[in-house]
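# Overview (structure and organization)
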Amino acid sequence: MSDAEWAVTRPLLPVPGWLRSRGGQPEAYCHRAILDAIRYLVDNGTKWRAIPIDFPPWDRVYAFFRRWRDYSLVKEFHDRLRRQVREQAGRDPEPSAGVIDSQSVKADAVVGADSRGFDGGKLINGRKRHVVVDTLGLLLAVMVTAADVGDRAAARVLLGRVAAAHHRLTLAWADGGYTGSLVEYSLAVLAVVLAIVKRSDDMRGFVVLPKRWIVERFFAHLMRSRRLVRDFERSIGSAEAMVPWSMTQLMTRRLARPRPSRA
């Protein structure tokens with residue numbers, strides 16, 4: 001990351017326990033070098049053992065990644081960045097509307113049979129990423145399942161997590177795959193209006209649909225990270241952690257981007 005990115009990133013990092021007198025040893029490597037190594041892996045799709053020697057040793061980088069994954073520190077860091085981006089755009093830090101969708105991706109050979117499935121609609125053998133994004137296309141929540149898990153079944157769990165974490169969220173847009181009892185469930189249990197944006201039958205070719213293009217652009221951002229083009233993670237937790245790591249790159253670049261001067 002550039003110096004401008006590090007300047008906006010450093011104050012948002014979770015404070016280590018040893019700095020808060022909670023015990024533990026000081027870390028041997030700079031956080032900037034560790035973050036650069038993880039971002040390099042996510043962006044270029046390399047293996048952990050193939051991280052260039054310009055970065056700290058790969059096992060130390062992976063230990064940092066695993067610790068942040070297990071204690072939800074990457075989510076905390078990602079959410080702080082998202083709030084900063086929303087405030088910079090003149091929005092409220094907490095969103096009031098979102099868009100939900102899913103993406104099926106092929107799974108690598110290291111993915112076990114217990115966490116993979118076959119998506120008959122997309123003809124993909126692998127996993128499925130269920131995400132909710134805000135109206136700026138920033139990630140609110142992600143859940144990874146086997147590809148044969150239905151969108152509506154996963155949406156019940158995912159929308160519940162989003163509604164519990166973001167109390168201002170009252171509206172969510174979705175495609176025709178989320179119709180049925182999920183609409184009534186969201187309104188009655190979660191107090192979230194699930195608005196279905198359908199594609200009309202007379203449309204031909206590619207048509208940009210209102211609100212749904214936001215989450216499709218989000219998936220396009222993910223596909224620019226080579227580690228996410230295919231699911232290479234053995235565990236579901238690592239597969240879910242890779243998504244916010246990819247989005248941190250996008251958000252730090254937005255925050256470090258020079259703002260146009262106003263007359």
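Quick look at the structure, then.

Rules and cut-offs
- Residues numbered from 1 in each chain as written.
- Predicted model: local features only at pLDDT ≥ 70, side-chain atom pairs only at ≥ 80, totals over all residues.
- Heavy atoms only, no water.
- Helix = DSSP H or I, 4+ residues; strand = E, 2+ residues; numbered from the N terminus.
- Rg over C-alpha atoms; globule rule 2.2 N^0.38 Å.
- Buried < 20%, exposed > 50% of the residue type's maximum accessible area, 1.4 Å probe, protein only.
- Contact = heavy atoms within 4.5 Å.
- Core = buried A, V, L, I, M, F, W, Y, C linked by side-chain atoms within 4.5 Å.
- Axes fitted to C-alpha atoms, helices over the stretch in contact; angles between N-to-C directions.
- Parallel < 35°, antiparallel > 145°, perpendicular 65-115°, else oblique.
- Nonpolar A, V, L, I, M, F, W, Y, C, P; charged D, E, K, R; others polar.
- Lys, Arg positive; Asp, Glu negative; His and termini not counted.
- Salt bridge = Lys/Arg side-chain N within 4 Å of Asp/Glu carboxyl O.
- Polar contact = N/O pair within 3.5 Å; in protein donor to acceptor, adjacent residues only side chain to side chain.
- Pairing = 2+ DSSP bridges.
- Expected span 1.5 Å × (residues − 1).
- Phe/Tyr/Trp six-rings, centres within 6.5 Å; stacked < 30°, edge-to-face > 60°.
- Lys NZ or Arg CZ within 6 Å of the ring centre and 35° of its normal.

## A look at the overall build of the protein chain
Counting its secondary structure elements, the protein chain contains eight helices and six strands. Of the regular secondary structure in the protein chain, the N- to C-terminal order runs α-α-α-α-β-β-β-β-α-β-α-β-α-α. In terms of overall dimensions, the protein chain is globule-like: its C-alpha atoms have a radius of gyration of 19 Å, near the 18 Å expected for 263 residues. A buried classification covers 46% of the 263 residues belonging to the protein chain. At a minimum sequence separation of 6, the contacts of the protein chain that also span at least 24 residues come to 63%.

## Section: the environment of Val8
Its place among the elements puts Val8 in helix α1 (residues 3-9). In this structure, the C-alpha to C-alpha distance between Val8 and Leu81, residues 73 residues apart in sequence, is 8.9 Å. Leave out the neighbours within four places in its chain, and Val8 touches Thr252 and Leu255.

## Section: the nonpolar core
Counting residues in hydrophobic clusters, the biggest one holds 45 residues, and the most contacted among them are Leu35, Ile38, Trp68, Phe218, Trp245 and Met247. Mapped by element, the contributors of at least two residues to this core are α2 (31-44), α3 (58-70), α4 (73-88), β1 (97-106), β3 (124-134), β4 (139-146), α7 (212-223) and α8 (236-256). Filtering out sequence-adjacent residues up to four positions away, Ile38 remains in contact with Val61, Phe64, Phe65 and Trp245. Residues Leu140, Met143, Leu169 and Ala174 belong to the second largest nonpolar core, which totals 19 residues.

## A closer look at the packing of α2 against α8
α8 packs onto α2 with a crossing angle of 105 degrees between their chain directions and a minimal axis gap of 10 Å. By the angle class used here, α2 and α8 are roughly perpendicular. Here Leu35, Ile38, Arg39, Leu41, Val42 and Asp43 of α2 come into contact with α8, specifically with Met242, Trp245, Ser246, Thr248, Gln249 and Thr252. Tallied by class, residues from the contact of α2 with α8 come to six nonpolar, four polar and two charged.

## Quick word on the side chain of Asp175
The residue Asp175 is located in the loop between β5 (171-174) and α6 (181-190) in this model. In this structure Asp175 is buried but unpaired, with Arg212 as the nearest side chain of opposite charge at 4.2 Å. One polar contact links the side chain of Asp175 to the main-chain amide nitrogen of Gly177, over a distance of 3.0 Å. Apart from residues no more than four positions distant in its own chain, Asp175 is found in contact with Asp101, Ile196, Val197 and Arg212.

## Things to note about the pattern of salt bridges
Within the structure shown, the criterion is met by twelve salt bridges. Where Glu76 meets Arg80, a salt bridge forms, and the shortest distance between an N and an O atom there is 2.4 Å. In this pair, Glu76 and Arg80 are both assigned in helix α4, four residues apart and thus about one turn of the helix distant. Classification of Glu76 by relative accessible area gives partly exposed; the value is 30%.

## Concerning the pairing of β1
Counting buried positions along β1 gives nine out of ten residues, so the element sits mostly inside the fold. As paired elements, β1 and β5 share three bridges and run parallel to each other. By the bridge assignment for β5, Ala97 is matched with Leu171. Strand direction decides the pairing type here: β1 and β3, joined by nine bridges, are antiparallel. Each residue of the ladder has a partner; that of Val105, found in β3, is Arg127.

## A short note on helix α5 (residues 151-165)
Taking 1.5 Å of rise per residue, 15 residues should cover 21 Å, and α5 covers 21 Å from first to last C-alpha, within 8% of that figure. Buried within α5 we find Asp151, Ala154, Ala155, Leu158, Leu159, Val162 and Ala163. Residues of α5 that are buried in the fold lie against β1, β3, β4, α6 and β6 (193-196).

## Structural notes on the packing of aromatic side chains
Counting across every chain of the model gives eight aromatic pairs. Ring geometry for Trp48 against Tyr62: centres 5.1 Å apart, planes inclined by 70 degrees, an arrangement best described as edge-to-face. Here the residue Trp48 occupies a position in the loop between α2 and α3, and Tyr62 occupies one in helix α3, the gap between them amounting to 14 residues. Residue classification places Trp48 among the buried residues on the basis of a relative accessible area of 12%. Under the relative-accessibility criterion, Tyr62 is labelled partly exposed at 24%. Chaining the aromatic ring pairs together yields one cluster made of Phe64, Trp68, Phe77 and Trp245. The cationic tip of Arg156 hangs over the ring face of Tyr185; the distance from NZ or CZ to the ring centre is 4.2 Å. The ring of Trp173 has Lys211 lying over it, and the distance from NZ or CZ to the ring centre is 4.9 Å.

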